[in-house]
Amino acid sequence: MLQTRFAIAAVALLACTASAAAQLAPPPARPAAPKAVAAPSPRAASCHNGASFDRFLAELKQQAVAEGVSQRTIAEASPYLVYDQGIVNRDRGQRVFGQLFTEFAGRMAAPYRMQNGQQHIKQHAAAFARAEKEYGVPPAVIAAFWGLESDFGVNMGNLPTLKSLVSLAYDCRRSEMFAKETIAALKIIDRGDLHPDEMIGSWAGELGQTQFLPVHYVNYAVDYDGDGRRDLLRSEDDVIGSTANYIANGLKWRRGEPWLEEIKVPQNLPWDQTDLGVHLPRSKWAQFGVTYPDGRPLPNDNLPASVLLPMGRFGPAFMAYANFAAYTEWNNSLIYSTTAGYLASRIAGAAPMRRPAGQVAQLPFNELKQLQQLLVQAGFNVGKVDGVLGQQSRAAVKAMQIKYGLPADSWPTAELLARMRGGTAQAQPASAVR
């Protein structure tokens, strides 16, 4: 979860497609303590003054003790604090595949997941009601994250958490972050929430049914079932309360306010205003001709909102409110955050989104990568040149669309690419085949 996940959750989500009939699986049998797998890469020691993994681990344990972790916990966890070069290779080799929002949301916010969310809200009505009263987070918002992250506990990962964390802590890519996460995992053990051999999760060290990184497990997990433990692997009540606590206090959810609603936009909308960084009153959007999908007018009030076009002006359109920031903080992938917000709205009773009139043209991977390279040459920071349309790339695309007098909807087109190449091309229609 969070922006600290980078692309991790988006990658994991591509595999999270359990069937509607899948039931909550029993907790996996406790594995034997893992053995070290493969020797650390020589470059792994470069950010630790050349220290070996054993030396690094000894210093990390000392730091954990200095932060209050008991020697008993250090001893219990030590057999699991081993290095696995395979985890590091996986982290360095991860790739998020570009997808159209309608394709991604069509699978991840499928009707069965919406229905499963509604069923879980009924099944755990008391816990959801308590969480909404205490934290102000609607049940549908919690249920959507729960469904997307693990299909309600079916897919939580199957790798030893401590091994993953300490391996990534020794690697130099995000050493400081994962050192903190490793110590946080030790604190989870120290306060009696989980045993070392119970800590099984994703390869990036996330735990539980809503995939908390250990730091957030320590800071936001709550004992909602009263058994004296914060168990996000097996206790549905703890999952509900902890997720609500994190959304409310970690992501600053605004009680009683909306998060995402589908809208219909006119053909002459000022496209340069369609950006998450532009907040206008709903009354102003109504003046521009924005309505609900069925033609109903927007409320004539001053509630600030942004227009979000995940696939440009020919694709679905949404009104994003202040609470949508919680989604982009949970995961900074726009396609994930929009899907999560949309799924929550569906669980809450919203109608399915309108499909585009035709197939929205999408640049092939190699052309999108070339466009990113041209944007970098033009002085823009697009992050990694990877052929994936992230938020930095979208902002750069909008700036160049404004420069060339094109509709500035942040969606890369063949016409924009041709302009940046120095040539000319006809704009592709919305129905163009990718």
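Residues numbered from 1 in each chain as written. Predicted model: local features only at pLDDT ≥ 70, side-chain atom pairs only at ≥ 80, totals over all residues. Heavy atoms only, no water.

Asker: Lay out the side chain of Asp-91 in plain terms, naming residues and giving numbers.
Answerer: Within the secondary structure, Asp-91 sits in helix H4 (residues 85-93). Of the residues examined, Asp-91 reaches a relative accessible area of 2% and is grouped as buried. Sequence-distant contacts of Asp-91, defined by excluding residues within four places in its chain, comprise Leu-168, Arg-173, Arg-174 and Trp-203. (Helix = DSSP H or I, 4+ residues; strand = E, 2+ residues; numbered from the N terminus. Buried < 20%, exposed > 50% of the residue type's maximum accessible area, 1.4 Å probe, protein only. Contact = heavy atoms within 4.5 Å.)

Asker: Let's hear about the state of the cysteines: which residues, and what values?
Answerer: Per the stated rule, a full pass over the model turns up one disulfide. Between the sulfur atoms of Cys-47 and its disulfide mate Cys-172 the distance is 2.1 Å. Here the disulfide of Cys-47 and Cys-172 is left-handed, its torsion about the S-S bond being about -95°. Of this pair, Cys-47 sits in the loop between helix H1 (8-14) and helix H2 (53-66) while Cys-172 is found in the loop between helix H9 (161-170) and helix H10 (175-190), placing the two residues 125 residues apart along the sequence. (Disulfide = S-S within 2.5 Å.)

Asker: Outline the nonpolar core, listing residues and values.
Answerer: Ranked by size, the top nonpolar core spans 91 residues in total, and within it Val-137, Val-141, Leu-162 and Tyr-327 carry the most contacts. Aside from chain neighbours lying at most four places away, what touches Tyr-327 is Val-141, Phe-145, Trp-253, Trp-259, Ser-337, Ala-340, Gly-341 and Ala-344. Grouped together as the second largest cluster of nonpolar side chains are 16 residues, Val-290, Ala-305, Leu-309 and Tyr-321 included. (Core = buried A, V, L, I, M, F, W, Y, C linked by side-chain atoms within 4.5 Å.)

Asker: So what's going on with the environment of Leu-186? Residues and values would help.
Answerer: Examined against the element boundaries, Leu-186 turns out to sit in helix H10. Sequence-distant contacts of Leu-186, defined by excluding residues within four places in its chain, comprise Ala-64, Val-69, Thr-73, Ile-74, Ala-77 and Leu-162.

Asker: Let's hear about the packing of aromatic side chains: which residues, and what values?
Answerer: Within the structure shown, the criterion is met by 18 aromatic pairs. Ring centres 5.8 Å apart and planes at 90° place the aromatic pair Phe-101 and Phe-318 in the edge-to-face group. Of the two residues, Phe-101 sits in helix H5 (residues 101-108) while Phe-318 sits in strand E6 (residues 317-320), which places them 217 residues apart along the sequence. As far as the burial class goes, Phe-101 and Phe-318 line up, both buried. Ring pairs connect the aromatic residues Phe-145, Phe-212, Tyr-220, Tyr-246, Trp-253, Trp-259, Phe-324, Tyr-327 and Trp-330, which therefore count as one cluster. Over the aromatic face of Tyr-224 sits the side chain of Arg-130, whose NZ or CZ is 3.6 Å from the ring centroid. (Phe/Tyr/Trp six-rings, centres within 6.5 Å; stacked < 30°, edge-to-face > 60°. Lys NZ or Arg CZ within 6 Å of the ring centre and 35° of its normal.)

Asker: Tell me what's going on with the pattern of salt bridges, and back it up with residues and numbers.
Answerer: Evaluation of the coordinates by the stated rule reveals 22 salt bridges. With a closest N to O distance of 3.0 Å, Glu-257 and Arg-254 form a salt bridge. Classification of Glu-257 by relative accessible area gives partly exposed; the value is 23%. Judged by relative accessible area, which is 42%, Arg-254 ranks as partly exposed. (Salt bridge = Lys/Arg side-chain N within 4 Å of Asp/Glu carboxyl O.)

Asker: So what about helix H7 (residues 125-135)? Which residues, and what values?
Answerer: The complete set of buried residues in H7 reads Ala-127, Phe-128, Ala-131 and Tyr-135. The buried side chains of H7 occupy one side of the element, clustering within an arc of 100° when seen end-on. Opposite the buried face of H7, at more than 90 degrees from it, the exposed residues are Ala-126 and Lys-133. Here the buried face of H7 lies against helix H6 (111-123), helix H8 (139-150) and helix H12 (236-250). (Arc of directions from axis to C-beta.)

Asker: Go over the confidence of the model for the protein, please, and point to the residues and values.
Answerer: Averaged over all residues, the pLDDT of the protein is 89; the fraction at 70 or higher stands at 86%. pLDDT under 50 marks residues 6-29. Its contacts with residues more than four places away, or in other chains, come to 54 contacts. Confidence drops under a pLDDT of 50 for residues 424-434, and excluding neighbours within four residues, the segment shows 24 contacts in the predicted structure. (pLDDT = per-residue confidence, 0-100.)

Asker: Tell me about the sheet that holds strand E5 (residues 304-308), and name the residues and values.
Answerer: Spatial strand order, E3-E6-E5-E4: four strands in an open sheet with antiparallel pairing. Of all the strands in the sheet, just strand E3 (260-263) and strand E4 (280-281) have a single pairing partner and so form its edges. Where E3 lies against E6, four bridges are found, and the strand directions are antiparallel. Its bridge partner lying in E6, Glu-262 is registered against Phe-318. Here helix H15 (residues 334-347) sits on the sheet and contacts E3, E5 and E6; the angle it forms with E3, its principal contact strand, is near 90°. (Pairing = 2+ DSSP bridges. Axes fitted to C-alpha atoms, helices over the stretch in contact; angles between N-to-C directions.)

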